[in-house]
2 protein chains.
Amino acid sequence: MAISVETFFLAPGAEGTLQAQIQQMIAQGILSGRFRKGEKLPSSRQLAQHLGVSRITVTLAYTELLANDYLESRDRSGYFVSENAPEPPQFPPRVSRRDVVDWTRALGRKFTGGAMPDKPKDWSQYPYPFIYGQTDPGLFDHASWRHCALRALGQKDFQSLAADHYDQDDPQLIEFIVRHTLPRRGILAEPGEVLLTMGAQNALWLTAQVLLTQRRTAAVEEPCYHALRDILTQSRCHLVSVPVDRDGVPPDLLPSEVDVIFTTPSHQSPTNATMPLERRQALLQEAKKRDALIVEDDYEFEISFLRAPLPALKSLDTDGRVIYVGSFSKSIFPGLRLGYLVGPEPFIREARALRASVLRHPPGHMQRTTAYFLSLGYYDSLIRRIGQVYARRRKVMEAALDAHGLGVEGRGVFGGSSIWMRAPEDVDTEKLAEALKAKGVLIEPGLPFFDAEQAPRNNYRLAYSSIPSEKIPAGIAILAETLRSWVDH
Amino acid sequence: MAISVETFFLAPGAEGTLQAQIQQMIAQGILSGRFRKGEKLPSSRQLAQHLGVSRITVTLAYTELLANDYLESRDRSGYFVSENAPEPPQFPPRVSRRDVVDWTRALGRKFTGGAMPDKPKDWSQYPYPFIYGQTDPGLFDHASWRHCALRALGQKDFQSLAADHYDQDDPQLIEFIVRHTLPRRGILAEPGEVLLTMGAQNALWLTAQVLLTQRRTAAVEEPCYHALRDILTQSRCHLVSVPVDRDGVPPDLLPSEVDVIFTTPSHQSPTNATMPLERRQALLQEAKKRDALIVEDDYEFEISFLRAPLPALKSLDTDGRVIYVGSFSKSIFPGLRLGYLVGPEPFIREARALRASVLRHPPGHMQRTTAYFLSLGYYDSLIRRIGQVYARRRKVMEAALDAHGLGVEGRGVFGGSSIWMRAPEDVDTEKLAEALKAKGVLIEPGLPFFDAEQAPRNNYRLAYSSIPSEKIPAGIAILAETLRSWVDH
């Protein structure tokens, strides 16, 4: 690769001769790793013209660098970074700058310090990844997705892909969601009541910004999705955690004063509890009494392979107080970053304006590809295939857990992709996860899902979304054996 | 298309017989437009099984709907929505729900009401679109982009495309930016000092959230990019507008107390003023005196076809007080939604945590496609081609403006994609734009860029990024003629 002449600037007010400055510039480029072995430098004529210096100045600088083995010349083809040039350190600290800004003062707000657990990025390299929320490459319908992506890249769709749509969404995708996706959850909505988001994460974030302030109270399930708790903590609202039982959040435990209730009725996150119909109606009643809104995160509803899921809470809502969050991240893949919000128009209007200010809109290509993937029917067959495979995995999983007598705390009635587990009381699952990782088994400790100081440390989550059936028994055996050896000690 | 059986739910506690409920469900589906003419219904067996009712109940409901011409039966192939079925209204208001939520109270914060000008979405249908910030399909390297997108969709890249990367970016893209893009602006940065964003809009938004609070002061250029002013207004910081002159923002007019200065030194937005080197240094000096940070929006630096651009302000910054915003949206296409922030690590760390909370990361496929497009050299040749075409358009534009004696207020020294114009003083360019639109000419009124109550109403922007050279003279002629007739009245 040739090094572009535009990479070179003479620093205004720099010390030393022009020749030295050029020499230094090149040497520093090599030392800092910007220029690599074998890369071609601009010709002396080009560089001289670009910098506005005489050609002999550049030639002298190059000659000096040749002598020092930074550069080598190849007959008639010019100067190259020498194969013997000094090794660049891996992005060393620069000497030319010293930060004088006091960042503890300069930062207006801090956003670090959330509970995002440290998940290994190379999880797919582990033999037994009971890891949640990642895609199984063996299950995904790669060919059809490519087909849809290519179709969306066609000339006909170019404007929809490339244009700045300001605050608008792809009408094809919105129409499909309104006509086909939402009716499956018993939800009737108009296009103006739906907003696309960058995954469920972004949907929850937008909702919190629009509905909550320092003077408002939100209720969350305990345990709950840790990223949701981070979002609510950042919003600085008053936050009340309501412990869930085997049927999800108990409506009668809601605080008497509450503005917004965040809930996951289909598969409680992370316990997998499914809220029965009667409790859903009671929850709506309690919300009405308090004039509170409900945010229903209906993630994973598609993953219902045991029986048809109950209609969404939103479908029972005659007051317009439920805001519904859906996502394609679990069912297509999380890197897609595509979800949606359904709610009354006054709410969607504000969320749309905020989304436009924050990021405008999700990329056109992702929206149109998804619209094709859905409307051509690939999505439904993917879901069916995933359901069949997960059903098999779940069976193998339950058999293995039973055989080893491991304590199951919650499993989805309709399906889902994980089982919520309980280790013996004195086991700290964060330490357990560390020990298992060394043996090739990845599990998810339960602690980050809890808010309370006295939270149990012995829960953990086992997902079967990214581990093949045939690996499950051996993985569970290692887990059981490790647990046994811990408890025996 | 077949209507999925999962679309059907029996409403709990509904009135009437099961048969009537089923009939109603289907009729309402047709009336609401969810089921369309010619679509196939589930077989009576399937639906009966799904709803847990007897098959005869479903058959009776279907027969009733046949008689009422909602459905038609085709020999042995089942029931379909009749071609004679009642026409659904275009998303009529639903009768079954009445919102009882008081949204004026329920909304914690309002985000609507920004200055986003109303730009026609069908701009490409107009013969003379002097419109800014959209992609010219005739200029884009469609084939190479498809090639890169396909490559990124390959099996090898699947994990990078599909995975949930939490708060991380595509290392390939970051490496290219650090090694090749930033050095062209004279900027040396380490990977930990760069964060990908959903376009420059998202970069500016993240920056405002991290740096500003109600107790901080931000300075913006007057006029400035209206979306930036909306972002800062929403952050509730104290906001000071500093009028720009022909060299951009004058450092000596900065308020004595200021925390963050937002500036566009390369091409002032919207006037196109280019800040000379001496003023850049003076600006850094003044920022230092006030211990203020500078946010440099370096949009469009690639569009420098007249001469090489000056190094970025960030390249002169030895204190670590400049935060740099770059974007691929202008040079590739805005629907891509990909930009980046460069700044000291303590800042990038907070911006990264906030981005993770708001949306996790830009979609993997967009990141990897862009990484290929850059590293395979397509990007540079696209930029060169764009530069050549814009140079020609700009020449034609200037000749036409000269010929008609139209008042130019600002044009980029290095290039850019627009010219900032000044109509005679009594012309309101919002009205002018309306009148011109009716004649097929799209221009952008200047008012939304200004903050002051006494802002001039006679500025406007003419872009040449989406109008072919051969259309320019006729478009400018219509503009000149319209202006003449207005002033004569």
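Chain A carries the name PLP-dependent aminotransferase family protein in an unreviewed UniProt entry, which gives Roseovarius rhodophyticola as its organism. Word for word, the UniProt comment on chain A under Sequence similarities (unreviewed entry) is "In the C-terminal section; belongs to the class-I pyridoxal-phosphate-dependent aminotransferase family."

Undergrad: Honestly, the overall build of chain A in this entry has me stumped. Any pointers?
TA: Helix and strand content of chain A: 15 helices and 15 strands. Principal-axis analysis of the C-alpha atoms places the extent of chain A at approximately 85 × 60 × 50 Å. Looking at chain A as a whole, 62% of its 489 residues are labelled buried. Of the contacts made within chain A by residues no fewer than 6 positions apart, 73% connect residues no fewer than 24 positions apart.

Undergrad: In this structure, what is going on with the pattern of salt bridges? I would like to understand it.
TA: Pairing between side chains of opposite charge can happen when the charged atoms of each approach one another. Residue and element names in this part refer to chain B. According to the stated counting rule, one finds 60 salt bridges over all chains in the structure shown. A salt bridge links Asp245 to Arg279, with the shortest nitrogen-to-oxygen separation between them at 2.8 Å. Residue Asp245 is found in the loop between β6 (238-243) and β7 (260-263), and its partner Arg279 is found in helix α10 (residues 277-289); the two are separated by 34 residues along the sequence. Judged by its relative accessible area of 34%, Asp245 falls in the partly exposed class. A salt bridge links Arg461 to Glu444; the nearest nitrogen and oxygen atoms lie 3.2 Å apart.

Undergrad: Looking at this structure, how should I read the sheet that holds strand β15 (residues 459-463) of chain B?
TA: Backbone-to-backbone hydrogen bonds join strands into a sheet, with any given pair of strands oriented parallel or antiparallel. All names here are of chain B. The sheet built from four strands is open, its strands ordered β11-β12-β15-β14 with antiparallel pairing. Strand pairing shows two members of the sheet lacking a second neighbour, β11 (407-411) and β14 (444-445), which therefore form its edges. Relative to β15, strand β12 (residues 418-422) runs antiparallel, the two sharing five bridges. The residue bridging Ser418 from the neighbouring strand is Ala463, located in β15.

Undergrad: Help me out: how do you make sense of the confidence of the model for chain A in this one?
TA: Caution is warranted with low-pLDDT regions, since their predicted coordinates should not be read in detail. Of the residues in chain A, 97% reach a pLDDT of 70 or more, and the chain-wide mean stands at 90. Contacts for the low-pLDDT stretch residues 90-95 of chain A, under 50 throughout, to residues beyond four places or in other chains number nine contacts.

Undergrad: For this particular structure, what's the right way to read the domain arrangement of chain A?
TA: How big an interface is tends to be expressed through the accessible area that disappears when the partners come together. Taken domain by domain, chain A holds domain 1 (5-81), domain 2 (123-135 + 381-488) and domain 3 (142-379). One C-alpha centre belongs to domain 1 of chain A, the other to domain 2 of chain A, and the line joining them spans 57 Å.

Undergrad: Mind showing me how you'd approach the environment of A:Leu374 here?
TA: Residues and elements named next belong to chain A. Within the secondary structure, Leu374 is located in helix α12 (residues 364-375). Judged by its relative accessible area of 0%, Leu374 falls in the buried class. Counting along the chain gives 309 residues from Leu374 to Leu65, while the straight-line C-alpha distance between them is 59 Å.

Undergrad: Quick question: what am I supposed to make of the packing of helix α5 (residues 142-152) of chain B against helix α12 (residues 364-375) of chain B here?
TA: Working note: a packed helix pair is described by the angle between its axes plus the distance between those axes. Residue and element names in this part refer to chain B. The N-to-C vectors of α5 and α12 enclose an angle of 125°; their axes lie 8 Å apart at closest approach. Compared by their axis directions, α5 and α12 come out oblique. Crossing handedness for the pair α5 and α12: right-handed. Here Ser144, Trp145, Cys148, Ala149, Arg151 and Ala152 of α5 lie close against α12, whose contacting residues are His365, Arg368, Thr369, Thr370, Tyr372 and Phe373. Considered class by class, the residues forming the contact of α5 with α12 number six nonpolar, four polar and two charged.

Undergrad: How should I be thinking about the sheet that holds strand β10 (residues 339-342) of chain B in this particular structure?
TA: Residue and element names in this part refer to chain B. Overall, mixed pairing links the seven strands, which are arranged β4-β10-β9-β8-β7-β5-β6 in an open sheet. With one partner strand each, in any of the chains shown, β4 (194-197) and β6 form the two edges of the open sheet. Going across the sheet, the axis of each strand differs from the next one's by a mean of 20°, ignoring polarity. As defined by bridge partners, strand β8 (residues 293-297) adjoins strand β9 (residues 322-327) across four bridges and the pair is classed as parallel. In the sheet register, Asp297 faces β9, and the bridge partner there is Val325. Where helix α9 (residues 226-234) meets the sheet, it contacts β5 (217-222), β6 and β7, and its direction lies at approximately 160° from that of β5. Against the sheet, helix α11 (residues 345-359) makes contact with β4, β9 and β10, and its axis sits at roughly 30° relative to β4, the strand it touches most.

Undergrad: What's the story with the packing of helix α2 (residues 44-51) of chain A against helix α3 (residues 55-67) of chain A in this structure? I'm lost.
TA: Residue and element names in this part refer to chain A. Two elements in contact, α2 and α3, have axes separated by 8 Å at closest approach and are oriented at 125°. Here α2 lies oblique to α3, going by the angle between them. Crossing angle aside, the handedness with which α2 passes α3 is right-handed. Here Ser44, Arg45, Leu47 and Ala48 of α2 lie close against α3, whose contacting residues are Arg55, Val58, Thr59 and Tyr62. Per-class residue counts for the contact of α2 with α3 are four nonpolar, two polar and two charged.

Undergrad: For this particular structure, what's the right way to read the relation of the copies chain B and chain A?
TA: Copies of the same chain, two in number, are related to each other by a rotation about an axis and a translation along it. Each copy of the sequence occupies a distinct position, and chain B is placed on chain A by a rotation of 180° and an axial shift of 0.0 Å, giving an RMSD of 0.2 Å. Each copy turns onto its partner about a two-fold axis. Proximity to the rotation axis, assessed at the C-alpha, singles out B:Leu150 in chain B; its C-alpha lies 3.6 Å from the axis. Most of the interface of chain B is mirrored in chain A: 100% of its interface residues are interface residues there too.

Undergrad: Can you help me understand the environment of A:His365 in this one?
TA: Summarising the element assignment, A:His365 is placed in helix α12. The sequence separation of A:His365 and A:Ala391 amounts to 26 residues, and the corresponding C-alpha distance is 33 Å. Aside from chain neighbours lying at most four places away, what touches A:His365 is A:Ala149, A:Ala152, A:Leu153, A:Leu161, B:His365 and B:Met366. Among the polar contacts listed, one links the side chain of A:His365 to the backbone oxygen of A:Ala149, at a separation of 3.1 Å.

Rules used in this analysis
- Residues numbered from 1 in each chain as written.
- Chains lettered and ligands numbered in written order.
- Predicted model: local features only at pLDDT ≥ 70, side-chain atom pairs only at ≥ 80, totals over all residues.
- Heavy atoms only, no water.
- UniProt positions renumbered as here; feature names shortened; annotations may be inferred.
- Helix = DSSP H or I, 4+ residues; strand = E, 2+ residues; numbered from the N terminus.
- Buried < 20%, exposed > 50% of the residue type's maximum accessible area, 1.4 Å probe, protein only.
- Contact = heavy atoms within 4.5 Å.
- Salt bridge = Lys/Arg side-chain N within 4 Å of Asp/Glu carboxyl O.
- Pairing = 2+ DSSP bridges.
- pLDDT = per-residue confidence, 0-100.
- Domains from an automatic or database assignment.
- Axes fitted to C-alpha atoms, helices over the stretch in contact; angles between N-to-C directions.
- Parallel < 35°, antiparallel > 145°, perpendicular 65-115°, else oblique.
- Left-handed = near helix turned anticlockwise from the far one by under 90°.
- Nonpolar A, V, L, I, M, F, W, Y, C, P; charged D, E, K, R; others polar.
- Least-squares fit on C-alpha atoms with pLDDT ≥ 70 in both.
- Polar contact = N/O pair within 3.5 Å; in protein donor to acceptor, adjacent residues only side chain to side chain.

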